[in-house]
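Coordinates in review
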Amino acid sequence: MRGITSLAGLLLCLTFGDVAAQTTTYRLQPGDTLQVWIAQEPDLTREAVIAPDGWLSFPLAGHIQSAGLSLSELEAQLLDRLKAYFNDRPNLTIMLRPNGQNPQLIYVLGEVATPGAYPYRANMTVLHGISVAGGVYRAALLAADQDRSVVVKREVEHSQKRLQELRARIIRLEAEMRGEKSIGTAEALAADPALAQEQSLLNARTEARTMEEKAQAQANELSERNSLAMQEQADTMTKRLELARRRLQSISGLVAKGVTEGSQQMVQEGTIAELEGQISRMTSEIAVAERVKMAEIARYDSARQAQRTQLLVELNAARSEQEDAASRLADSTRIMTIYGQSAASSQQRERRVLGYHIVRTTNGETREFAATEMTPILPGDLLRVVYSDPDKSGDAEATQPLARAENRSSSEVTTTAAR
């Protein structure tokens, strides 16, 4: 019977690799499925599942607290309970079946691409664990990231240049609205090309505005002279009209006395009517000239107001664009910082070496030891992948006892497998 049990155990090692052939003694846990054979009673051959509370139910044997037991310990308890029902010692065999609901796992964390829990496979090593976790984490810039970093760097330079241009434009617009003719000292203009360019534009616009003001002043002066000349002519005609009216009175008196002919009176009346018409036309021309003058002044004031409004619009647009450019610069700078940190992190990691540590619980005792890429991993192990700095002597000293623990663990695994 013991020979059959040993043969079943050997088949189990070759088939599943997750029993005690290459590991320490496996302890049963809730959810494990067991295949039980009894040679004397084939009807009792069946699969039994350990309940969530750790109890196993089997005909004739009743309930057995199985969680935490090894297969041999559970077998001994079953034999002890069943032997009363058999004349001879029962030929009992127990095999652990693979359990899909409670799979054996390993845990990988640290400097790997995708830390997490992964199914255990027979003969796994540290290198296998790193592989299933996506390999060692790499923060180096990819080719696409390098191309992107070049583009972002150009965007940063363009935004900085644009902000400098906008700052100079805003200074020029504010100075122009205040009527100033300079936006900086000669030293400042020589040090800032954008400010010098805006100063040139301010000079040109100031000169154009000065010419407009001069032209307007000349037009106003000419209009004023014309108005004065027409007013003088109107005054002269008004005096001539007064004299003509007085002369008409004298002629009218002489006609009444019969001293002169009435035709002279009619001629004088015609002269008065002509003077009155000329005065009326002159007054109309003066009024028209005055209206033209007022209209020209209004047009000039409107043009000046339109120029000021345009300056205000340009100033608001420049300030808005300045805010957008500053925001883009901040975003691009932040992206460049990320690329820079990634590159610095990559360079820093290139100067360090990877270290591997395994955290393992055996018989209720948890310990951690250093490992290599070829160190075997057991179900339930936690693999920690970390960088270490070989230049620090303290780290090397700290790893020496861990290396000794690894050697002991490897010896234990080899001894168990040999058994």
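Remember, predicted model here, so these are calculated numbers, not experimental data.

**Concerning the side chain of Lys293**
- When you line up the elements, Lys293 lands in helix 7 (residues 262-350).
- Within the structure, Lys293 has its side chain in polar contact with the side chain of Glu224 (distance 2.3 Å).

**Examining the sheet that holds strand 7 (residues 116-119)**
- Spatial ordering of the open sheet is given by 7-6-10-8-9, a layout of 5 strands whose pairing is mixed. Each end of this open sheet is capped by a strand with a single partner; those strands are strand 7 and strand 9 (365-371). For this sheet, the mean inter-axis angle between neighbouring strands, taken without regard to orientation, is 25°.
- Both strand 8 (residues 353-362) and strand 9 contribute to a ladder of 7 bridges, which runs antiparallel. The residue bridging Arg360 from the neighbouring strand is Arg367, located in strand 9.

**Details of the sheet that holds strand 1 (residues 33-38)**
- An order of 2-1-5 is seen for the 3 strands of this open sheet, with the pairing classed as antiparallel. Pairing within the sheet leaves two strands with one partner each, and these edge strands are strand 2 (46-49) and strand 5 (92-97). With direction set aside, neighbouring strand axes in the sheet form an average angle of 30°.
- Judged from the 4 bridges that link them, strand 1 and strand 2 form a sheet pairing that is antiparallel. For Leu34, the partnering residue across the bridge sits in strand 2 and is Ala48.

**Some thoughts on the confidence of the model for the protein chain**
- Averaged over every residue, the pLDDT of the protein chain is 80; the share at 70 or more is 80%.
- The weakest mean pLDDT in the protein chain belongs to helix 8 (residues 393-418) at 39; the strongest belongs to helix 3 (residues 126-132) at 92.
- Segment residues 393-419: pLDDT under 50, and 26 contacts once partners within four positions in sequence are set aside and those in other chains are kept.

**Some words on helix 6 (residues 193-257)**
- Spanning 65 residues, helix 6 covers 96 Å between terminal C-alpha atoms, matching the ideal 96 Å at 1.5 Å per step.
- Two to three positions downstream of the cap, the backbone nitrogen of Ala194 sits 3.1 Å from a side-chain oxygen, assigning the N-cap of helix 6 to Asp192.
- Among the residues trailing helix 6, Gly258 stands out with phi positive, at a value near 80°.

**Here we look at helix 2 (residues 71-82)**
- Between the first and last C-alpha of helix 2 there are 16 Å, a value that for 12 residues agrees with the 16 Å anticipated at 1.5 Å per step.
- Within helix 2, the full set of buried residues consists of Leu71, Leu74, Glu75, Leu78, Leu79 and Leu82. Down the axis of helix 2, the smallest arc covering the buried residues is 135°, so these residues share one side.

Cut-offs and rules
Residues numbered from 1 in each chain as written. Predicted model: local features only at pLDDT ≥ 70, side-chain atom pairs only at ≥ 80, totals over all residues. Heavy atoms only, no water. Helix = DSSP H or I, 4+ residues; strand = E, 2+ residues; numbered from the N terminus. Polar contact = N/O pair within 3.5 Å; in protein donor to acceptor, adjacent residues only side chain to side chain. Pairing = 2+ DSSP bridges. Axes fitted to C-alpha atoms, helices over the stretch in contact; angles between N-to-C directions. pLDDT = per-residue confidence, 0-100. Contact = heavy atoms within 4.5 Å. Expected span 1.5 Å × (residues − 1). Buried < 20%, exposed > 50% of the residue type's maximum accessible area, 1.4 Å probe, protein only. Arc of directions from axis to C-beta.

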